[in-house]
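Here is what each chain is made of, one letter per residue.
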Amino acid sequence: MENKQKKPPQNHTVNMENRSKVVITGVTDTDKFTENSVLLYTCMGELIIKGRGLRVTLLSVESGDMAVEGDIDGIIYGDSQVKSPLGFMGRLLK
């Protein structure tokens, strides 16, 4: 019998400072970052950060922490059921 350890439920927070820095916890995966948008996935679903001059200053896969700096215009939640990007086959069938 396999001994699988269950991961404790991960908390998700979004902390923004002066619309120039956002720190996010509960990040499960990232999809793409550009100067104008960052698409990531959290334990609560998709999250998109929009702005100008955006750059990822912290990304820790182990802890699920991410920090983005730049001129932040918006933070938008997407589908709460999607917690990671679709694979190649999933994109084809979508």
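Here's a quick rundown of the structure. (Residues numbered from 1 in each chain as written. Predicted model: local features only at pLDDT ≥ 70, side-chain atom pairs only at ≥ 80, totals over all residues. Heavy atoms only, no water.)

Further remarks concern the pattern of salt bridges. On inspection of all chains with the given rule, the structure shows three salt bridges. Residues Glu-69 and Arg-55 are paired through a salt bridge, measuring 3.5 Å at the closest nitrogen-oxygen approach. Taken together, the residues Glu-69 in strand β6 (residues 65-77) and Arg-55 in strand β5 (residues 45-60) connect sequence positions 14 residues apart. Here Arg-55 falls in the partly exposed class, since its relative accessible area comes to 45%. What emerges from the salt-bridge pattern is a single network uniting Arg-19, Arg-52 and Asp-73. (Salt bridge = Lys/Arg side-chain N within 4 Å of Asp/Glu carboxyl O. Helix = DSSP H or I, 4+ residues; strand = E, 2+ residues; numbered from the N terminus. Buried < 20%, exposed > 50% of the residue type's maximum accessible area, 1.4 Å probe, protein only.)

On to the environment of Glu-35. Along the chain, the position of Glu-35 falls in the loop between β3 (27-33) and β4 (37-42). As a C-alpha pair, Glu-35 and Asp-71 span 36 residues in sequence and 9.9 Å in three-dimensional space. With residues up to four places along the chain from it excluded, the contact list for Glu-35 reads Gly-51, Arg-52, Gly-53 and Leu-54. (Contact = heavy atoms within 4.5 Å.)

This next bit is on the nonpolar core. With 11 residues, the main nonpolar core is built from Val-22, Ile-24, Val-27, Val-38, Leu-40, Leu-47, Ile-49, Leu-54, Met-66, Val-68 and Ile-72. Every element with two or more residues in this core is listed here: β2 (21-25), β4, β5 and β6. Apart from the residues lying within four places of it in its own chain, the contact partners of Leu-47 are Val-14, Ile-24, Val-38, Leu-39, Leu-40, Thr-42, Ile-75, Ile-76 and Tyr-77. (Core = buried A, V, L, I, M, F, W, Y, C linked by side-chain atoms within 4.5 Å.)

So, on to the environment of Ser-63. For Ser-63, the position within the fold is in the loop between β5 and β6. Separated by 37 residues in sequence, Ser-63 and Gly-26 have C-alpha atoms that sit 7.8 Å apart. Only 2.9 Å separates the side chain of Ser-63 from the side chain of Ser-60, close enough to count as a polar contact. A distance of 3.0 Å separates polar atoms of two side chains, one belonging to Ser-63 and the other to Asp-65. (Polar contact = N/O pair within 3.5 Å; in protein donor to acceptor, adjacent residues only side chain to side chain.)

A separate point is a nonpolar patch on the surface. Taken together, the side chains of Val-14, Met-44 and Tyr-77 make up a nonpolar region of the molecular surface, amounting to roughly 280 Å² of accessible area. Looking at where Met-44 falls in the secondary structure, it is placed in the loop between β4 and β5. Look at Met-44 and you get partly exposed, because its relative accessible area is 48%. (Patch = residues over 30% accessible without salt bridge, like charges linked within 9 Å, V, L, I, M, F, W, Y side chains within 5 Å. Areas by Shrake-Rupley, 256 points an atom, 1.4 Å probe, with all protein chains shown as cover.)

Honestly, it's all geometry; don't read function into it.
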